[in-house]
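Each chain, written out:
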Amino acid sequence: MIRPLSLFIFNLNKQNVKTQVKFASTVLPQFSSEKYGVKRKSFGVLQPRDIDYFKSILGEDRVVTDESDVLPFNIDWIKNCRGQSKVVLKPKTTEEVSKILSYCNGKRLAVCPQGGNTGLVGGSVPVFDEIVLNFNLMNKIISLDEISGALVCESGCVLENLDDYVRERNLIMPLDLGAKGSCHIGGNVSTNAGGLRLLRYGNLHGSVLGLEAVKADGTVLDCLRTLKKDNTGYHLKHLFIGSEGTLGVVTKVAIHCPALPKAVSLGFFGVENFENILNLYKRAKTSLGEILSAFEMADNGSVSSTVKNLKLSNPISDYPFYVLVETHGSDETHDSEKLSRFLSEGMESGVIVDGTVTSEPAKMKTIWNIRESIAGAGLVEGYSFKYDVSIPLRNYYDLVELLRDRLKDHQAKVYGYGHVGDGNIHINVIVPEYTKNMYSMLEPYIFEEVAKLKGSISAEHGVGFRKPQFIHYSKDESALQLMKDLKKSMDPNGILNPYKVLPD
Ligand code: FAD
Ligand code: MLT
Ligand code: ZN
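Residues numbered from 1 in each chain as written. Chains lettered and ligands numbered in written order. Predicted model: local features only at pLDDT ≥ 70, side-chain atom pairs only at ≥ 80, totals over all residues. Heavy atoms only, no water.

If you check an unreviewed UniProt entry, the protein appears there as D-2-hydroxyglutarate dehydrogenase, mitochondrial from Bicyclus anynana. For the protein, the Subcellular location (unreviewed entry) comment in UniProt is given as "Peroxisome". Of the comments in the UniProt record for the protein, the one headed Subunit (unreviewed entry) reads "Homodimer." (UniProt positions renumbered as here; feature names shortened; annotations may be inferred.)

### Focus: the domain arrangement of the protein
Looking at the protein, the domain boundaries give domain 1 (8–134), domain 2 (141–256) and domain 3 (262–461). Using C-alpha coordinates to define each centre, domain 1 is positioned 23 Å away from domain 2. Together domain 1 and domain 2 conceal approximately 1,200 Å² of surface at their shared face, both sides included; 64% is due to carbon and sulfur atoms. Counting every contact that joins domain 1 to domain 2 gives zero salt bridges. At six residues, helix 5 (residues 94–107) tops the list of elements feeding residues into the side of domain 1 that touches domain 2. (Domains from an automatic or database assignment. Buried area = accessible area lost by both parts, 1.4 Å probe. Salt bridge = Lys/Arg side-chain N within 4 Å of Asp/Glu carboxyl O. Helix = DSSP H or I, 4+ residues; strand = E, 2+ residues; numbered from the N terminus.)

### Describing the environment of Asp-335
Here Asp-335 is to be found in helix 13 (residues 332–348). C-alpha of Asp-335 to C-alpha of Cys-112: the two residues are 223 residues apart in sequence and 46 Å apart in space. Those residues within four positions of Asp-335 in sequence are excluded, and the remaining contacts are Ala-263, Ser-265, Ile-291, Thr-327, His-328, Gly-329 and Ser-330. Here Gly-329 takes part through its backbone nitrogen, which lies 3.4 Å from a polar atom of the side chain of Asp-335. Here Ser-330 takes part through its backbone nitrogen, which lies 3.4 Å from a polar atom of the side chain of Asp-335. (Contact = heavy atoms within 4.5 Å. Polar contact = N/O pair within 3.5 Å; in protein donor to acceptor, adjacent residues only side chain to side chain.)

### Structural notes on the packing of aromatic side chains
Per the stated rule, a full pass over the model turns up 24 aromatic pairs. Through a chain of ring-to-ring contacts, three or more aromatic side chains come together here, namely Tyr-36, Tyr-383, Phe-385, Tyr-434, Tyr-439 and Phe-465. Over the face of the ring belonging to Tyr-434 we find Lys-35, whose NZ or CZ atom lies 4.3 Å from the ring centre. Lying across the ring of Tyr-165, Arg-169 places its NZ or CZ 3.8 Å from the centre. (Phe/Tyr/Trp six-rings, centres within 6.5 Å; stacked < 30°, edge-to-face > 60°. Lys NZ or Arg CZ within 6 Å of the ring centre and 35° of its normal.)

### So, the site of ligand 1
Within the structure, ligand 1 sits among 36 residues, and Pro-113, Gly-115, Thr-118, Gly-119 and His-184 are positioned closest to it. Gly-116 is positioned with one of its backbone polar atoms (N or O) 2.8 Å from an oxygen atom of ligand 1. A distance of 2.8 Å is found between an oxygen atom of ligand 1 and a backbone nitrogen or oxygen belonging to Asn-117. Considered on its own, ligand 1 offers 960 Å² of accessible surface; in the complex 97% of this is hidden by protein. At the level of secondary structure, the elements contributing two or more residues to the shell around ligand 1 comprise strand 3 (111–114), helix 7 (185–191) and strand 9 (249–256). (Near = heavy atom within 4 Å. Areas by Shrake-Rupley, 256 points an atom, 1.4 Å probe, with all protein chains shown as cover.)

### Section: the sheet that holds strand 5 (residues 141–145)
The strand order across the open sheet built from five strands is 5-6-9-7-8, with neighbouring strands paired in antiparallel fashion. A strand with exactly one partner marks an edge of an open sheet, and here the two such strands are strand 5 and strand 8 (220–223). Strand-to-strand twist of the sheet, defined as the mean angle between neighbouring strand axes without regard to direction, takes the value 10°. Strand direction decides the pairing type here: strand 5 and strand 6 (residues 150–154), joined by four bridges, are antiparallel. In the strand pairing of strand 6, Asp-145 is matched with Ala-150. (Pairing = 2+ DSSP bridges. Axes fitted to C-alpha atoms, helices over the stretch in contact; angles between N-to-C directions.)

### What to know about the environment of Tyr-445
Relative to the elements of secondary structure, Tyr-445 occurs in helix 17 (residues 445–452). When the C-alpha atoms of Tyr-445 and Leu-403 are compared, they prove to be 9.3 Å apart, with 42 residues separating the residues in sequence.

### Topic: unusual backbone geometry
A cis amide bond links Glu-443 to the next residue, Pro-444, at an omega of 10°. Notably, Arg-108 is not glycine yet its phi reads approximately 55°, a positive angle. Tracing the backbone shows Arg-108 in the loop between helix 5 and strand 3. Positive phi, normally seen in glycine, also occurs at Asn-192, with a value near 50°. As for its position among the elements, Asn-192 is in the loop between helix 7 and helix 8 (198–201).

### A look at the site of ligand 2
Close to ligand 2 lie Leu-120, Arg-371, Ala-375, Lys-386, Tyr-417, His-419, His-426, Glu-460 and His-461. Interatomic distance of 2.7 Å between a side-chain N/O atom of Arg-371 and an oxygen atom of ligand 2. Measuring from an oxygen atom of ligand 2, one finds a side-chain N or O atom of His-426 at 2.9 Å. The protein chains hide 87% of the 260 Å² of surface that ligand 2 would expose on its own. Looking at the shell around ligand 2, the elements with two or more residues in it are helix 14 (361–377) and strand 15 (413–419).

Put into structure tokens, the structure is as follows:
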């Protein structure tokens, strides 16, 4: 018997903001298969003897079958998708993963790899009865070379734990995102997560030095090198970066950690219109140059609803747009002076209306917390349709305005925010509840508009379950065919994360 989701809302007051948001919605989402009309493919059906086999490898405790214990692994972070898995497996070693996959492949049992389950496109939860392969217990740090910055760890390490570990050794993780307290490095690699400082430290295709992965048939692929340069043939690691668990399962990661910046400063500015954000970005690149580490924007609705819904406080007044500019450098006085000068010049020219600059860790955390909490703040109000697109900077905000106009007669709020430095905007459409009518007002309309601008329909969150049918808006037929050929060659029975990434 399933306990209602409301039972998970144990004492909200004791939870942190992200957990509050996570459990804010008490409504159990509809099954993804019904909501989106998907037919189950002809995979094997889990039998009691399969459970016995998994228990023989993992022991009783690491084979979860109780319906209410399995429930959270079936539901995604934004309560959009819900699968019907009957079992969650929690391996501790690559060898166990290999045995599980080899067995599942033989029996044609479908598998859904799952990290921290913070994915935003429904890729991390099953659609039907796929077996959930969860990496929570593969969380060991294997080595850290403090000279080169090469960190080697298991895929289930939580990003924030890794960052804490390397910071004590004067290094940082090359990526940072609002979900850092829950997401796994294996999930980050599998989604090619971008995050808040991609502008400075680049994406994971550059930072990941090597990895170990297990193919669908259980073969362990050892590409776990820590070299910066290695041109010996095909760069196989890239097949697993961003392939969302459809080509193999990532079990270990080697990643380059940059030096811990000696000086960090943060500016939070109020801006009158979007044109001025672009103006400011151009100025930031020239005046802050090599110390610029993040350039983020959020519109008034994003910030004011987050502040209101999560009871946070905004350090500056109400403005149409907000910009967050961060520097990572080596000289605190010099860097914060540079950022303060950037603020005063911006104010003198009228590009910035108001703002604050700080190097105090607690104040910086408060500001970052507002930006990082936008993702889930809308869940407090209802249902969130989330879009994550990249488009040319001059058109960056157009889609938000187009949508507001399109939805003006509906009860919908449209918020725009994102990583200006990467040309990546997130658009949240918040409605009281999911309706098919609203869904058809939004999709494929948004993707058609993105395609007109030659943009990407998924800039950083991936394709997952929610977007395979729209992938053609950003990938041409020949590229899609090669993706299908690769899938066929690496996972001939299609057991790895079916219904995800590739369209039928
Ligand atoms: P999951 O959600 O568990 O899985 C994501 C996908 O990867 C699934 O397809 C899953 O099957 C696959 N997968 C997971 N682990 C493995 C593995 N070991 N091997 C093979 N496949 C695997 N994303 C960004 O890019 N930038 C952001 O700034 C950002 N901010 C976020 C902020 C919040 C508050 C939230 C909730 C999400 C945010 N995300 C962001 C999205 C999400 O956090 C990232 O996609 C993250 O990388 C997912 O990691 P995870 O461990 O939670 O993976
Ligand atoms: C972010 O930049 O905050 C994340 O990608 C999550 C989101 O889209 O809200
Ligand atoms: Zn983002």
